[in-house]
Amino acid sequence: MIKAVLVFNNFGKPRLLKFFEHFSEELQQQAVREVFQIVSKRGDTECNFVDGVATELLGGTDYKLVYRHYATLYFVFCCDSSESELGILDLIQVLVEALDKCFENVCELDLIFHVDKVHYMVNEIVMGGMVLATNMMEIITHTQQQVKREKEDKKTAQVVVAGVAAGVASAPTRAHAAVNQVKQVVQHSLK
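(A) Seen up close, the overall build of the protein. Secondary structure summary: the protein contains 5 helices and 7 strands in total. Overall, the protein shows an N-to-C arrangement of helices and strands of β-β-α-β-β-β-α-α-α-β-β-α. Evaluated residue by residue, the protein yields a buried proportion of 35% over its 191 residues. In the protein, 50% of the contacts between residues at least 6 apart in sequence involve partners at least 24 apart.

This is the structure we're talking about:
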């Protein structure tokens, strides 16, 4: 089971944090710092997984870190011993390729400015710590559909707000007309 998905830059700044169990914000930040310290010190020729090293914050020595370093970003998955290291490396590759197709040559700024799309994509791949999908085209299609639905919802909300605003703007005119009608009825009944 996957415990967390972490993406941070070469300076340890988190760009995506997805924990599949509840941890306090302080514990999450401490875990990111410790994980960054571990993976940033490792050389490019070293293995891309670390067993039971300082991951006690995320669940003890039964957990391992599986990571890849691309340009300025580290993609780190913290998972238990039941997950295959090579399977998780492949999952990281699928995530990065899907991000690359979605953003056309993904960079750190895409993760910052399109955090919602990135979360949709991660949610398509991993939900509740379990791997859901590894087909890149399905992941991209579902992410694009979600973004499209979100845009449609925003348009609908804008139409509703515009309608309410128009109704509020015309309310004084309608109230004035209603008062005049009441005056006319009262004057007519007094005659």
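(B) Molecular detail of the packing of helix α2 (residues 85-103) against helix α4 (residues 115-125). Between α2 and α4, the least distance of the axes is 11 Å, while the angle of their chain directions is 145°. Taken as a pair, α2 and α4 cross one another with a handedness that is right-handed. On α4, the residues touching Leu91, Leu95, Ala98, Leu99, Cys102 and Phe103 of α2 are Lys117, Val118, Met121, Val122 and Ile125. In terms of residue class, the contact of α2 with α4 is built from 10 nonpolar, no polar and 1 charged.

(C) Local environment of the side chain of Glu108. Within the element layout of this structure, Glu108 appears in helix α3 (residues 108-113). Setting aside its immediate chain neighbours within four residues, Glu108 contacts Asn9, Arg15, Thr72 and Leu73.

(D) Structural context of the packing of aromatic side chains. All chains considered together, the criterion is met by 5 aromatic pairs. Summarising the aromatic geometry, the rings of Phe19 and Phe23 are spaced 5.7 Å apart at their centres and angled 70° between planes, so their arrangement reads as edge-to-face. Judged by relative accessible area, Phe19 falls into the buried class, the value being 14%. Exposure remark for Phe23: the relative accessible area of 11% places this residue in the buried category. Each ring, one from Phe36 and one from Tyr74, has its centre 6.3 Å from the other, and the planes form 85°; the classification is edge-to-face. Taken together, the residues Phe36 in helix α1 (residues 25-40) and Tyr74 in strand β5 (residues 73-80) connect sequence positions 38 residues apart. Each member of the pair, Phe36 as well as Tyr74, carries the same accessibility label: buried. Connected via pairs of aromatic rings, a cluster forms that spans Phe8, Phe36 and Tyr74.

(E) The arrangement of the nonpolar core in detail. Formed by 31 residues in total, the largest nonpolar core has its most connected members in Ile2, Phe75, Phe77, Ile88, Leu95 and Leu99. If you list the elements that add at least two residues to this core, you get β1 (2-9), β5, α2, α4 and α5 (136-190). At 11 residues, α2 tops the list of elements feeding residues into this core. If you look at the next biggest cluster of nonpolar residues, it comprises 17 residues, including Ala4, Ile38, Val50 and Tyr74.

(F) Structural context of the sheet that holds strand β4 (residues 63-70). Pairing is antiparallel in the open sheet, where 5 strands are placed in the order β2-β1-β5-β4-β3. The open sheet has two free edges, formed respectively by β2 (14-19) and β3 (49-51), since each of these has just one partner strand. Neighbour-to-neighbour, the strand axes of this sheet turn through a mean angle of 15°, independent of strand direction. Relative to β5, β4 is paired through 8 bridges, and the arrangement is antiparallel. Opposite Lys64, over in β5, you have Cys79 as the bridge partner. On top of the sheet, α2 reaches β1, β3, β4 and β5; it is set at about 40° to β4, its chief contact.

What counts, and at which threshold
- Residues numbered from 1 in each chain as written.
- Predicted model: local features only at pLDDT ≥ 70, side-chain atom pairs only at ≥ 80, totals over all residues.
- Heavy atoms only, no water.
- Helix = DSSP H or I, 4+ residues; strand = E, 2+ residues; numbered from the N terminus.
- Buried < 20%, exposed > 50% of the residue type's maximum accessible area, 1.4 Å probe, protein only.
- Contact = heavy atoms within 4.5 Å.
- Axes fitted to C-alpha atoms, helices over the stretch in contact; angles between N-to-C directions.
- Left-handed = near helix turned anticlockwise from the far one by under 90°.
- Nonpolar A, V, L, I, M, F, W, Y, C, P; charged D, E, K, R; others polar.
- Phe/Tyr/Trp six-rings, centres within 6.5 Å; stacked < 30°, edge-to-face > 60°.
- Core = buried A, V, L, I, M, F, W, Y, C linked by side-chain atoms within 4.5 Å.
- Pairing = 2+ DSSP bridges.

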